[in-house]
Amino acid sequence: MNTSTGSSAGHVSDPLRMFRVDGMVAVITGGAGGIGLASARLLAAAGAKIVLADRQAPTASGIEDCTACALDVTDANAVDATFKDIAQRFGRIDILLNNAGVSIRKSSMELELEDWNTTMAVNLTGAFLCARAAARHMPDSGGNIVNTASIMGLSGGGLYPNPAYHATKGGLVNLTRALAVEWASRNIRVNAVAPTWTRTSFIGELSEATRERINAVTPLGRLAEPEDVANAVLYLASPAAGMVTGHVLAVDGGFLAQ
């Protein structure tokens, strides 16, 4: 039996320290509610300084060391200016959760071009603009970007047509991989979470019958909670995932395993 002691012993005695993000500056878009707000609360509990951004400045209810700002992620000039202001205030940006998103549930034959363009602008172009702006202000020691994708970016569809949303989330999956490869030399890790249907305001728009069908096709038999996704976000943003980049982590109750 190995009875040696040393630095590794101290590491093992406190394994959860690798999930701490003490003093890190975390910017969360789409932070007014749902996955964004749940992730903000968890990252704050793990030691991060939080900046919540949404189209209208959200309230930082119950989160210590939190700043809120209004941000339209489709406005390139506003994105650059906002991230510059954040970096000037805090000295750097360590973590970005790209969580702003829209979903317009219409079939391809009914979808207006304006709806398509809006979905692309928020879900994909907005994520790119924010990732680029954040990366410009990440320290030489590295940073972490987590994109909120979806199981619909890894599958052909769900229980109803939503082609614009599916296309943007599929694009976000591969943007995640592309940026992870490009920015690895800068010690910036880029990953994504891919949630199943999650109990947020988006789900509130679905009928009870549709929710029952969702549960029926999910092996674990339930919707995800925002906190389920937040747990995955914290892992990917923390030192515990130091060798993980370009990865898409499904939080789906087994949906994609079928």
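Okay, so let's go over this structure. (Residues numbered from 1 in each chain as written. Predicted model: local features only at pLDDT ≥ 70, side-chain atom pairs only at ≥ 80, totals over all residues. Heavy atoms only, no water.)

**Remarks on the overall build of the protein**
Then step 1. Helices and strands together make up the secondary structure of the protein, namely eight helices and seven strands.
Then step 2. Considering the protein as a whole, with its 258 residues, one finds that 45% of them fall into the buried category.
Then step 3. Summarising the internal contacts of the protein: among those between residues at least 6 apart in sequence, 70% fall at separations of at least 24.
Then step 4. Looking at the protein as shown, the accessible area adds up to about 12100 Å², and 52% of this sits on carbon and sulfur atoms. (Helix = DSSP H or I, 4+ residues; strand = E, 2+ residues; numbered from the N terminus. Buried < 20%, exposed > 50% of the residue type's maximum accessible area, 1.4 Å probe, protein only. Contact = heavy atoms within 4.5 Å. Areas by Shrake-Rupley, 256 points an atom, 1.4 Å probe, with all protein chains shown as cover.)

**Quick notes on the packing of helix H2 (residues 34-45) against helix H8 (residues 226-237)**
Then step 1. Contact geometry for H2 and H8: axes closest at 8 Å, N-to-C directions at 55°. Comparing the axis directions of H2 and H8 gives the class oblique. Relative to H8, H2 is oriented so that their crossing is right-handed. Touching Gly-34, Ile-35, Ala-38, Ser-39, Leu-42 and Leu-43 of H2 are Pro-226, Glu-227, Val-229, Ala-230, Asn-231, Val-233, Leu-234 and Ala-237, all from H8.
Then step 2. Classifying every residue of the contact of H2 with H8 gives ten nonpolar, three polar and one charged. (Axes fitted to C-alpha atoms, helices over the stretch in contact; angles between N-to-C directions. Parallel < 35°, antiparallel > 145°, perpendicular 65-115°, else oblique. Left-handed = near helix turned anticlockwise from the far one by under 90°. Nonpolar A, V, L, I, M, F, W, Y, C, P; charged D, E, K, R; others polar.)

**A few points about the sheet that holds strand E6 (residues 188-195)**
Then step 1. The seven strands are arranged E3-E2-E1-E4-E5-E6-E7 in an open sheet whose pairing can be described as parallel. Strands at the two margins of the open sheet, each flanked by one partner only, are strand E3 (66-70) and strand E7 (248-251). Each strand axis lies, on average, 20° off the axis of its neighbour in the sheet, ignoring direction.
Then step 2. Bridging between strand E5 (residues 143-148) and E6 involves six bridges; their strand directions are parallel. Following the sheet pairing, Thr-148 is matched in E6 by Val-193.
Then step 3. Taken strand by strand, helix H5 (residues 163-183) contacts E5, E6 and E7, and its axis lies near 160° from that of E6. (Pairing = 2+ DSSP bridges.)

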